[in-house]
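Architecture at a glance
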Amino acid sequence: MAQKPEPEPNPATSSSSIPVPSGEQDMATKSTMIPATSWFTPKRLLAIFCVINMLNYLDRGAIASNGVNGHRETCTGGTCKSGSGIQGDFNLNNFEDGVLSSAFMVGLLLASPIFASLSKSVNPFRLIGVGLTVWTIATLCCGLSFDFWSITFCRMLVGVGEASFISLAAPFIDDNAPVAQKTVWLSIFYMCIPGGYALGYVYGGLVGSHFGWRYAFWVEAVLMLPFAILGFVMKPLQLKGFVPSDSMKVSALETVPLGAQDVEASNGNNEAHEPSKPKCRCKVLNQFSIFLKDMKALLSEKVYVVNVLGYIAYNFVIGAYSYWGPKAGYSIYNMTNADMIFGGITIVCGILGTLAGGFALDYMTNTLSNAFKLLSFTTLVGGAFCFGAFVFKSMYGFLAFFAIGELLVFATQGPVNYVCLHSVKPSLRPLSMAMSTVAIHIFGDVPSSPLVGVVQDNINNWRTTALILTTIFFPAAAIWFIGIFLHSVDKFDEDSEHQVSRVEGASTTTAPLLEEKTRETLPFSQSQEC
């Protein structure tokens, strides 16, 4: 007898109104949004991610501090002063010292696109847990290193561990932020970059000088360990634009005509006895073809490309500042406590500047065009103040101008990442963040630290070196200025017609996390099978 077809559920209808058997409901909700009774709210998600981000950048600041990085043995007039820190223990020249910073980035660059691609077949929340575990072990090993090559390899692994978090954290935050405060939430997250660096300077200076540079890395590993464990024990979240595999299986079962499930199950049992190697090879090739297709789509977005080009030039300067700043300040202005001074300026101006940039863009209305206006203006004026700072012969004049300059240039952190997330469709956001990270490091701060070291080795004048470096802010401002005139469309909701709609009035901070989804109607274009 022919059965009367059941009406299809409306995707825009709340999932709670759809009757689903309890077993299938458990499968559909597994690895998606957490239940309403959980303590894990969007604000707590933001807080946890901020602490993790702070620890990541505290590590970068610590290795750049004079207490951890140290200096080589110096001899003047027949009197030799013993070296200290990593540079002194391993007798590194400035180029080798700069390579330590770049080695970290190599691991970050290689692993970022891999984690972004895996996010389509493995839950992104679990990938963050894997990355933080690698980071913890690698940081612990940095404190056990015995020569230049061993610490270089460990720094590469630290970069690999951080790659998953850098690629995936921002999309999670953007998903759960209130609509009218998305840039502010991103700015709160990214203010941990200057804040972490600054704390790293101070932390490295105190721990390195009192206990030795190795203890700085060991303490970092202990602090990150609870968050690495948390990535595995907590119920994972799912990103906008992605459908968990369990949910897909339920949807597939529901579309099979009645009486056909037995045949499907029989086929599945036969498949279980087939060789797995061809299937695995097929999955790898399919994953690679998806990656190439996504990369082509990403590079076709002119707004995204222009944004990243400006970000590269900007990060070239910021990366070199963060690594060589304390050493340059010590040389130019005889700052005996350069770690503390640079740390203090960076943490105050970095936090205030980053938050101000987020509030400013949301106040202007967070559009892509307004973001480019803010990026170009703050970078131009901030770069001019930083350039003027290094012209001053007085340390107090330098500190005043440099503080204003940093306040302005750090206002870019929220807007530049807002553009990265909203200039592409949701399913491309992890890859957009990963490739942005790859680009700004491989063309930005990876070459800048060694190159500045080479320039300084040849010029032997930190003031001139700093002035040459600072001029690169101006091309960055010019590139972002071009972005104002590009045709830009916010693509945050481009995939929404394929998904269960979000709760209306998403200005509440807990809607996305507390919304339980029992069905997903998005066709999984990134299939795991050939």
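Here is a short report on the structure shown in this document. Source: prediction; values computed, not measured.

With that out of the way, let us pick up the overall build of the protein chain. Looking only at helices and strands, one finds 22 helices and 2 strands in the protein chain. A burial count over the protein chain gives 55% of its 530 residues as buried. A separation threshold of at least 6 residues defines the contact pool for the protein chain, and within that pool the share at least 24 residues apart is 83%. For the protein chain, the exposed area adds up to about 23,100 Å²; of that, 66% sits on carbon and sulfur atoms.

Attention now goes to the nonpolar core. Core analysis: the biggest nonpolar cluster contains 126 residues, and F49, I86, F189, Y314, F398 and F402 have the highest contact counts within it. For this core, the element with the highest residue contribution is helix α14 (residues 302-333), accounting for 18 residues. Those residues within four positions of F49 in sequence are excluded, and the remaining contacts are F125, I128, F165, A169, F172, I173 and F189.

Residue pairs three or four apart in sequence face the same way in an α-helix, which turns once every 3.6 residues. Within helix α8 (residues 182-190), 8 of the 9 residues are buried, which leaves the element mostly enclosed by the surrounding structure. Within the sequence span of α8, burial applies to K182, T183, V184, W185, L186, S187, F189 and Y190.

Attention now goes to the packing of α14 against helix α19 (residues 429-459). As a packed pair, α14 and α19 sit with axes 7 Å apart at the nearest point and diverge in direction by 40°. Between α14 and α19, the angle is such that the two are oblique. Where α14 crosses over α19, the handedness of that crossing is right-handed. Of the residues assigned to the contact of α14 with α19, the class counts are 16 nonpolar, 9 polar and 1 charged.

A full pass over the atoms with the stated rule returns 8 cavities of 30 Å³ or more. One number sums up the size of the largest cavity: a volume of about 290 Å³. Every residue lining the largest cavity is counted, 24 residues in all, and those nearest its centre are Y57, I193, Y311, I440 and H441. If you list the elements that add at least two residues to the lining of the largest cavity, you get α2 (42-64), α7 (148-176), α8, α9 (192-210), α14, α18 (413-422) and α19. Tallied by class, the residues present in the lining of the largest cavity amount to 13 nonpolar, 8 polar and 3 charged.

Our next topic: unusual backbone geometry. Of note in the backbone geometry, T365 takes a positive phi value of approximately 85° without being a glycine. Positionally, T365 belongs in the loop between α15 (338-364) and α16 (368-391).

Next up on the list: the packing of aromatic side chains. Using the criterion set out here, one finds 23 aromatic pairs in the structure. Consider the rings of F165 and F189, whose centres lie 5.9 Å apart with planes at 50°: the pair is tilted. One end of the pair, F165, is in helix α7; the other, F189, is in helix α8, with 24 residues separating them in the sequence. Per residue, the accessibility class of F165 equals that of F189, and both read buried. Between Y311 and Y314, the aromatic rings sit 6.1 Å apart at their centres with planes inclined by 40°, giving tilted as the arrangement.

Put simply, α18 and α19 touch, their axes get as near as 8 Å, and they point 135° apart. As the angle between them shows, α18 and α19 are arranged oblique. Where α18 crosses over α19, the two elements pack in a sense that is right-handed. Of the residues in α19, those touching α18 at N417, C420 and L421 are R429, S432, M433 and S436. For the contact of α18 with α19, the residue count by class is 3 nonpolar, 3 polar and 1 charged.

Oppositely charged side chains are able to pair whenever their charged atoms sit close together. All chains considered together, the criterion is met by 5 salt bridges. A salt bridge links R429 to D175, with the shortest nitrogen-to-oxygen separation between them at 2.5 Å. Here D175 lies in helix α7 and R429 lies in helix α19, a separation of 254 residues in the sequence. When salt bridges with common partners are traced through the structure, they connect D174, D175 and R429 into a single cluster.

A few words now on the environment of A328. In this structure, A328 sits in helix α14. You can call A328 buried: its relative accessible area is 7%. Between the C-alpha atoms of A328 and R463, which are 135 residues apart in sequence, the distance is 7.6 Å.

Before going further, it helps to examine helix α5 (residues 94-118). With 25 residues, α5 extends 37 Å between its outermost C-alpha atoms, agreeing within 8% with the 36 Å of an ideal straight helix rising 1.5 Å per residue. At A111, α5 shows its largest bend, some 30°, and a proline, P113, comes one to four positions later. The element α5 is largely enclosed, with a buried count of 18 among its 25 residues.

What counts, and where the lines are drawn
All residue numbers refer to positions counted from 1 along the written sequence of the respective chain. The predicted nature of this model means local features are confined to residues of pLDDT at least 70 and side-chain atom pairs, given and counted, to a pLDDT of 80 or more, with totals for whole chains, interfaces and linings taken over all residues. Side-chain figures throughout are based on the complete set of non-hydrogen atoms in the structure, without hydrogens or water. Segments assigned H or I by DSSP are reported as helices when at least four residues long, segments assigned E as strands when at least two residues long, and all are numbered from the N terminus. Working definition: with a 1.4 Å probe on protein chains only, accessible area under 20% of the residue-type maximum means buried, over 50% means exposed, and in between means partly exposed. Contacts between residues were defined by any pair of non-hydrogen atoms, one from each residue, lying within 4.5 Å. Note that accessible areas follow from Shrake-Rupley with a 1.4 Å probe, and for residues the cover is restricted to the protein chains shown. Grouping buried Ala, Val, Leu, Ile, Met, Phe, Trp, Tyr and Cys residues that are joined through side-chain atoms within 4.5 Å yields what is termed a nonpolar core. Angular values range over 0 to 180 degrees, each being the angle between N-to-C directions of two axes fitted as lines to C-alpha atoms, with helices fitted over their stretch in contact. Geometric relationships in this document are graded by angle, where less than 35 degrees denotes roughly parallel, more than 145 denotes roughly antiparallel, 65 to 115 denotes roughly perpendicular, and other angles denote oblique. Less than a right angle of anticlockwise turn of the near helix away from the far helix marks a crossing as left-handed, whereas a clockwise turn marks it as right-handed. Ten residue types, Ala, Val, Leu, Ile, Met, Phe, Trp, Tyr, Cys and Pro, are classed as nonpolar, four, Asp, Glu, Lys and Arg, as charged, and the remainder, Gly among them, as polar. A 1.4 Å probe that fits into a set of points on a 1 Å grid over the protein atoms alone but cannot get out defines a cavity; an open set with protein on both sides within 12 Å along at least five of seven lines defines a pocket, and lining residues are those with an atom within 4 Å of a point. Grid points are joined across faces, edges and corners, and a volume is the space filled by probe spheres set on the points. Here a pair means two rings of Phe, Tyr or Trp (six-membered ring of Trp) with centres within 6.5 Å. Their orientation is stacked below 30 degrees between planes, edge-to-face above 60, and tilted elsewhere. Throughout this description, the term salt bridge denotes a Lys or Arg side-chain nitrogen within 4 Å of a carboxyl oxygen of Asp or Glu. For a helix, the expected span equals 1.5 Å multiplied by the number of residues minus one. Fitting axes to the seven residues ending at a residue and to the seven starting there, one defines the bend at that residue as the angle between these axes.

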